[in-house]
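Architecture and fold: a report
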Amino acid sequence: MEKAEPEAMRRPEPARLLAWYDRHRRRLPWRALPGERQDPYKVFLSEIMLQQTTVAAAAPYFASFLARWPNIEALAVAPLGEVLSAWAGLGYYARARNLHAGAKAVAERYSGRFPMSVSELITLPGIGPYTAAAIASIAFEQRAVPVDGNWERVVSRLFAHSEPLPKARARLRTLAETLLPDARYGDFAQAMMDLGATICTPRRPACALCPWNDACAARADGEPERYPLRLAKMARPTRRGVAFLAVRADGAVLARSRPMEGLLGGMTEVPSTPWEGALPTDPVQHAPVKAAWTPLNAPVTHVFSHFALELTVWRAEVPAGTVAPAGHRWVPVRGIDDEAFPSVMRKVLARL
Ligand code: SF4
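Residues numbered from 1 in each chain as written. Predicted model: local features only at pLDDT ≥ 70, side-chain atom pairs only at ≥ 80, totals over all residues.

We now examine the overall build of the chain. A tally of regular secondary structure across the chain gives 13 helices and 7 strands. C-alpha extents for the chain along the principal axes are approximately 75 × 50 × 30 Å. Counting every position in the chain, which comprises 352 residues, the buried fraction comes to 36%. Taking contacts inside the chain between residues at least 6 apart in sequence as the whole, the part at least 24 apart equals 68%. (Helix = DSSP H or I, 4+ residues; strand = E, 2+ residues; numbered from the N terminus. Buried ≥ 20, exposed ≤ 12 C-beta atoms within 10 Å, placed from the backbone. Contact = placed C-beta atoms within 7 Å.)

Moving on, we get to the pairing of strand 5 (residues 300-303). With 4 bridges joining them, strand 5 and strand 6 (residues 308-318) adopt antiparallel strand pairing. Each residue of the ladder has a partner; that of V303, found in strand 6, is A308. If you look at the hairpin formed by strand 5 and strand 6, you'll find 4 residues sitting between the two strands. (Pairing = 2+ DSSP bridges.)

A few words now on helix 8 (residues 129-140). Spanning 12 residues, helix 8 covers 15 Å between terminal C-alpha atoms, matching the ideal 16 Å at 1.5 Å per step. Helix 8 sits mainly inside the fold: 9 of its 12 residues count as buried. Along helix 8, the residues classified as buried are T131, A132, A133, A134, I135, A136, S137, I138 and A139. Elements in contact with the buried residues of helix 8: helix 2 (40-50), helix 7 (118-121) and helix 11 (185-199). At the exit of helix 8 stands E141, carrying a positive phi of roughly 55°. (Expected span 1.5 Å × (residues − 1).)

Moving on, we come to the domain arrangement of the chain. Here the domain parsing of the chain yields domain 1 (6-226) and domain 2 (238-349). The C-alpha-based centres of domain 1 and domain 2 are spaced at 36 Å. Across the boundary between the two partners, domain 1 contributes 10 residues, which contact 10 residues of domain 2. Breaking the side of domain 1 that touches domain 2 down by element, the ones donating at least two residues are helix 5 (80-87) and helix 6 (94-110). (Domains from an automatic or database assignment.)

Take helix 5 next. Since the α-helix packs 3.6 residues into each turn, any two residues three or four apart lie on the same face. Within helix 5 the residues assigned to the buried category are V83, L84 and W87. For helix 5, the angular spread of buried residues about the axis comes to 100°, placing them on one side. Tucked into the core, helix 5 has its buried residues touching helix 6. (Arc of directions from axis to C-beta.)

Contact geometry of helix 2 with helix 8 gives a least axis separation of 9 Å together with a crossing angle of 145°. Considering only the axes of helix 2 and helix 8, their crossing is right-handed. Counting all contacts with helix 2, which are made through P40, V43, F44, E47 and I48, the residues of helix 8 involved are T131, A134, I135, I138 and A139. Across the contact of helix 2 with helix 8, the residue classes tally to 8 nonpolar, 1 polar and 1 charged. (Axes fitted to C-alpha atoms, helices over the stretch in contact; angles between N-to-C directions. Left-handed = near helix turned anticlockwise from the far one by under 90°. Nonpolar A, V, L, I, M, F, W, Y, C, P; charged D, E, K, R; others polar.)

The ligand sits among 14 residues. The nearest are C200, C207, C210, C216 and P224. Put simply, the parts of the chain that give the shell around the ligand at least two residues each are helix 9 (149-158) and helix 12 (217-221). Of the residues forming the shell around the ligand, the biggest block, 3 residues, is contributed by helix 9. Split into classes, the residues belonging to the shell around the ligand amount to 11 nonpolar, 1 polar and 2 charged. (Near = placed C-beta within 6 Å.)

Here we take up the nonpolar core. In this structure, I135, L245, V253, V270 and V348 are the most contacted members of the largest nonpolar core, which totals 88 residues. Taken domain by domain, the makeup of this core includes at least three residues from each of domain 1 (6-226) and domain 2 (238-349). Ignoring sequence-local partners within four residues, the contact set of L245 consists of V253, V270, V313, W314, R315, V348, R351 and L352. (Core = buried A, V, L, I, M, F, W, Y, C linked by C-beta atoms within 7 Å.)

Among the structural elements, R157 can be located in helix 9. Looking at R157, the number of C-beta atoms within 10 Å reads 26, which means it is buried. Considered as a pair, R157 and D221 are 64 residues apart in the sequence and their alpha carbons are 9.9 Å apart. Setting aside anything within four residues of it in sequence, one finds R157 in contact with C200, C216, A218, P224 and Y227.

As a further point, take the packing of helix 2 against helix 3 (residues 55-68). Between helix 2 and helix 3, whose axes approach to 9 Å, the crossing angle comes to 140°. When the axes of helix 2 and helix 3 are compared, the pair comes out oblique. Handedness of the crossing formed by helix 2 with helix 3: right-handed. Where helix 2 abuts helix 3, its residues L45, S46, M49 and L50 lie against V55, A58, Y61, F62, F65 and L66. Residues belonging to the contact of helix 2 with helix 3 are distributed by class as follows: 9 nonpolar, 1 polar and no charged. (Parallel < 35°, antiparallel > 145°, perpendicular 65-115°, else oblique.)

Right, here's the structure in full:
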């Protein structure tokens, strides 16, 4: 006889999770205290920062953004360059552009007041299904499921779901919807996030402390860490390039802005060869100025989501009067921190 799907066997009680949340909720800088109204701008800002970033890394950026742009109107009128510069170091820079575009749209189309429904939120630039559901549920108490990695892990374990990610995503969302309570949608969404972050962790989940441990199929099977199942990952290719660190006699560094579209769009970089599978045979042909270029020792390495980058740094000292070629500019030493250099370029600049 065929074994019954474990997901048909149990329904974890939402009330138990909410009771656990009332006792153990995390204090987070963007989270309202019990009984307070949640500011949708804080949810928007934090949820975009938290995509691909830990709470610890996002927290100081959240504080500095909020101090500088305390509401959606202030962020909407900020120059994009300043927003990118304030984002520098947090990575995945498309998020900063999305944040800015979303703020402008809320200010222009909705007079600075976020729409409340997922269907309207999702029409805003930079707001995908996850962020729309997070804002709708947490700030406006709408019935919505912001399914992120934490939710997927918890749900796949509760139901011991046997289909691997990413294919399982649609089914996990349907299963997540069956867990929703009849009220307190915002608390429930945040409770799921907290459970995934503190108890149902990727490795060594603390099942003994979990409010749903008697309804969890993966725990009953004895191997909760197996879930969520995943298809084997494709190997990440390596791209290589040469970065040219031209240093003027007064210490200024030659830089340029990347095109707005594509990887690190609009960010500042030192000039380099294209990033490809192999290094160019004669890198100096790509150098931005004529100089005595010298390769430095170990390459700079950086891992992006779809490839790893190995940048060999070539350095040259150039005279004080050297003119920046078209599309380039000299950045004085004291101006480096104000430029939107992404992490990979800050690693290159560390070779100064
Ligand atoms: S019992 Fe364990 S595996 Fe199951 S949801 Fe709770 S922490 Fe996760």
